[in-house]
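Observations on the three-dimensional arrangement
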Amino acid sequence: MTDLAMLAERVDSAAHDARAIAQLSLEHPLTLPEAYEVQRLSIDRRRARGERRCGIKMGFTSRAKMVQMGIADVIWGRLTDRMRVEEGSAIELAAFVHPRVEPEIAFVLGRDLPRVVSAAAAIACVEAIAPALEIIDSRYQAFKFSLADVVADNASSSAFVLGPWSAPRTDVANLGMIVDFDQRPVEIGSSAAILGHPVRSLIAAARLASDAGEPLRAGDIVMAGGATAATTLRRGVHVHLAVEALGHVEFRVKE
Ligand code: OOG
Ligand code: MG
């Protein structure tokens, strides 16, 4: 095994077993391209277990997220079908290390997305838009990491829940977003927090995925990134997101 494959094995096993590990960078300084290679190799391991890549997620596309985690670079990670949680269902806390949830906007593509694309052309490739909740779960102790660490750990990807699909002509520039825990608001924000407009995140996703040799294709899901800081999940909580014009999405954590 190469060093990078060994590190991929480490983050993948930590995710699989829901076990916290030390930050990779403490022992193995990683460049950003090496960190993305670790991520890619970790996804290869998931694929070997039968998971299928179904899109990508963007990270640190809002100031709230950058401030919360102390990282100011946009990153991306891969999504697999196994990460999808059915809307309205219940998750098991034990399947995660220390999960948090954040409000997002998701796109599903109706057509392949070119590497360089204008906002209008990007929207023309979108089949539908949905309110979404991302469950992030860093595999690192205390949810602390460097830029290279979080990239190697697949941008803390863990699970995602998609609400109802709306037509791509829905204007998502500035939609109010409210996250409730047990019917009480814990985060309030706007889709405008996502790079000023969530479509900018989609445009960035097209370029980053293409540059990695995995261009975005029809059917792929793109999660645009958290519009607010993430909130720690707890046993038994009911999580609900309302997005103006797009509707609701919810799930529960089992007791
Ligand atoms: C990294 C993932 C960031 C987002 O939406 O900004 C992210 C993390 O915060 O652990 O998913
Ligand atoms: Mg996110």
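Check the entry above for the structure.
Residues numbered from 1 in each chain as written. Chains lettered and ligands numbered in written order. Predicted model: local features only at pLDDT ≥ 70, side-chain atom pairs only at ≥ 80, totals over all residues. Heavy atoms only, no water.

**Let's talk about the coordination of the magnesium ion (ligand 2)**
Each pair of donors in an ideal octahedron of six around a metal sits at 90 or 180 degrees, and each pair in an ideal tetrahedron of four sits at 109.5 degrees. Threshold: With water excluded from the atoms, a metal site may look incomplete; its donors are any N, O or S atoms within 2.8 Å, or within 3.2 Å for Na, K and Ca. Exposure is judged per residue with a 1.4 Å probe applied to protein chains only, and the accessible area is read against the type maximum: over 50% gives exposed, under 20% gives buried, and values in between give partly exposed.
Binding of the magnesium ion (ligand 2) to the protein goes through E102 (OE), E104 (OE) and E134 (OE), at separations of 1.9 to 2.0 Å. As a motif over one chain, the donors of the magnesium ion (ligand 2) read E-x1-E-x29-E. As far as burial versus exposure is concerned, E102 and E104 are alike and both buried.

**Concerning the pairing of strand β5 (residues 100-109)**
To be explicit about the condition: Helix numbering and strand numbering both begin at the N terminus, where a helix is a DSSP run of H or I of at least 4 residues and a strand a DSSP run of E of at least 2. Paired strands, as defined in this entry, are two strands with at least two bridges between them according to DSSP.
With ten of its ten residues buried, β5 lies for the most part within the structure. Side chains R100, E102, E104, A106 and V108 of β5 all project onto a buried face; the interleaved residues V101, P103, I105, F107 and L109 project onto the opposite face, where all are buried too. Relative to strand β6 (residues 126-136), β5 runs antiparallel, the two being bridged by ten bridges. Pairing of L109 across the sheet is with V126, part of β6. The pairing of β5 with strand β11 (residues 231-232) spans two bridges and is classified as antiparallel. Bridge pairing links V101 to T231 in β11.

**Digging into the nonpolar core**
Soluble globular proteins: nonpolar side chains tend toward being buried together. Put simply, the rule is: We define a nonpolar core as any set of buried Ala, Val, Leu, Ile, Met, Phe, Trp, Tyr and Cys residues linked to one another through side-chain atoms lying within 4.5 Å. Contacts are assigned to residue pairs with any non-hydrogen atoms lying within 4.5 Å of each other.
Counting residues in hydrophobic clusters, the biggest one holds 72 residues, and the most contacted among them are L24, F107, L113, I135, L233, V239 and F251. Per element, the largest residue contribution to this core is six residues, and it comes from helix α7 (residues 198-211). Non-local contacts of F251, meaning those with residues more than four positions away in its chain, are made with G88, S89, I91, V101, L133, I135, V161, L233, V237, H238 and V239. M83, A106, L162 and I221 belong to the second largest nonpolar core, which has eleven residues in total.

**Considering the side chain of E102**
Put simply, the rule reads: Definition of a polar contact: a pair of N or O atoms within 3.5 Å, with one able to donate and the other able to accept a hydrogen when the atoms are protein atoms, and with sequence-neighbouring residues admitted only if both atoms are side-chain atoms.
By the secondary structure assignment, E102 is in strand β5. With relative accessibility at 4%, the residue E102 sits in the buried group. One polar contact links E102 to K65, side chain to side chain, over a distance of 2.7 Å. What E102 contacts, discounting residues up to four positions off in sequence, is K65, A132, L133, E134, I136, G226, T228, A229 and A230.

**With respect to the packing of aromatic side chains**
Condition: Ring geometry is summarised as follows: Phe, Tyr and Trp rings, the Trp one being its six-membered ring, pair when their centres sit within 6.5 Å, and such pairs are stacked at plane angles under 30 degrees, edge-to-face over 60 and tilted between the two. Comment: the charge-over-ring label is applied if NZ (Lys) or CZ (Arg) is within 6 Å of the ring centre and within 35 degrees of the ring normal.
In this structure the tally under the stated criterion is two aromatic pairs. Both rings, one in Y36 and one in W76, keep their centres 5.6 Å apart while their planes meet at 20°; by these two values the pair is stacked. With a gap of 40 residues between them, Y36 in helix α3 (residues 32-48) and W76 in strand β2 (residues 75-80) connect regions that are remote in the sequence. Residue Y36 shares its accessibility class with W76, and that shared class is buried. With centroids separated by 6.3 Å and ring planes inclined at 50°, the aromatic side chains of F143 and F145 adopt a geometry described as tilted. Residue F143 shares its accessibility class with F145, and that shared class is buried. Of note, R100 hangs over the ring of F143, and the distance from its end group to the ring centre comes to 3.8 Å.

**Let's talk about the site of ligand 1**
Counted only if it meets this: One heavy atom suffices: a residue is near a molecule or strand as soon as one of its heavy atoms comes within 4 Å of it. Per-residue and other accessible areas follow the Shrake-Rupley method at a 1.4 Å probe size, with only the shown protein chains counted as cover for residues.
Near ligand 1 there are 17 residues, and of these K57, F60, E102, S156 and G226 occur at the shortest range. Here K65 contributes a side-chain N or O atom positioned 2.8 Å from an oxygen atom of ligand 1. The contact in question runs from an oxygen atom of ligand 1 to an N or O atom on the side chain of E134, over 3.0 Å. Isolated, ligand 1 exposes 320 Å² of accessible area, and the fraction of that covered by the protein chains is 100%. Per-element tally for the shell around ligand 1: the top contributor is strand β1 (residues 53-59), with three residues.

**Here we look at the environment of R47**
With respect to the helices and strands, the residue R47 is situated in helix α3. In the structure, R47 is positioned 33 residues away from T80 in sequence and 8.5 Å away in space, judged by C-alpha atoms.

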